Amino acid sequence: MASHASRLIVGLAVLLLAFVAVPGPAAGADRTFTLYGDSSLGWGSTNTTIGNPVPALSVDLGDNVTLTLNASDGVQHNWFIDYDGDGNDDANEPVSPNFRNEQIVWNFTADRAGTFTYRCRFHPTTMTGNITIAAPGNGTAPTGDALPYVIAGGLFAVVVFIAIATVYMRRKKASPPPPPT
Ligand SMILES: [Cu+2]
């Protein structure tokens, strides 16, 4: 029976090591934005604040960006990042499906650093905004994003340590007295 507690301690230790070995959010963070589109007014973060160009979006390189796209003006729209600035959605640019009088949820990976114009392919001059994709190390955002994970990791390590110590102490208390010699 003693090996049961030992195995539990080893298991917790492995769990702790595995967690410590993970260096925070190395892959991109999840970012979400909601946009409302209108062919004559532009984009807005709410359906009463639509303008052109507005609003500006900021993410980090490698982020998984989820957009909730809305339109209710009766015409087709899409959303794309005009990486090369030619006004067209190209094969190597993030391009959403078309949407009309509906809400769609679509995601892409921010795979190029810089500040770009996002547009609608059907209204490329009246529906525009800026998106900044920050490269690692050139801004404060990555540090700010990582901080909660670092704190959570530290707290988790403390909890695991207390759990291991508790199991160990209980095991010692429960041990039968040594057999008479
Ligand atoms: Cu449009």
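Remember, it's a predicted structure, so these values are computed and weren't measured experimentally. (Residues numbered from 1 in each chain as written. Predicted model: local features only at pLDDT ≥ 70, side-chain atom pairs only at ≥ 80, totals over all residues. Heavy atoms only, no water.)

(A) Geometry of the packing of aromatic side chains. Counted according to the given criterion, the structure contains 6 aromatic pairs. Ring geometry for Trp 43 versus Tyr 118: centroids 6.2 Å apart, planes at 65°, classification edge-to-face. Here the residue Trp 43 occupies a position in strand β2 (residues 42-44), and Tyr 118 occupies one in strand β7 (residues 114-119), the gap between them amounting to 75 residues. Both residues of the pair, Trp 43 and Tyr 118, belong to the buried class. Centroid distance Trp 79 to Phe 108: 5.5 Å. Interplanar angle 35°. Geometry classified as tilted. Of this pair, Trp 79 sits in the loop between β4 (64-71) and β5 (80-82) while Phe 108 sits in strand β6 (residues 102-109), and the two are 29 residues apart along the sequence. Residue Phe 108 is classed as buried on the basis of its relative accessible area of 6%. (Phe/Tyr/Trp six-rings, centres within 6.5 Å; stacked < 30°, edge-to-face > 60°. Helix = DSSP H or I, 4+ residues; strand = E, 2+ residues; numbered from the N terminus. Buried < 20%, exposed > 50% of the residue type's maximum accessible area, 1.4 Å probe, protein only.)

(B) Broad picture of the coordination of the copper ion. Each protein donor to the copper ion is listed here as His 77 (ND1), Cys 120 (SG), His 123 (ND1) and Met 127 (SD); together their distances run 2.0 to 2.5 Å. Metal-centred angles of 90 to 131° between the 4 donor atoms at the copper ion mark the site as tetrahedral. Written as a sequence motif, the donor residues of the copper ion are H-x42-C-x2-H-x3-M. Pair noted here: His 77 is in the loop between β4 and β5 and Cys 120 is in the loop between β7 and β8 (128-134), with a separation of 43 residues, a long-range link. You'll find His 77 and Cys 120 in the same group, each marked buried. (Donors = N, O, S within 2.8 Å, 3.2 Å for Na, K, Ca; no water. Tetrahedral: all angles 85-135°; square planar, octahedral: opposite > 155°, others 65-115°.)

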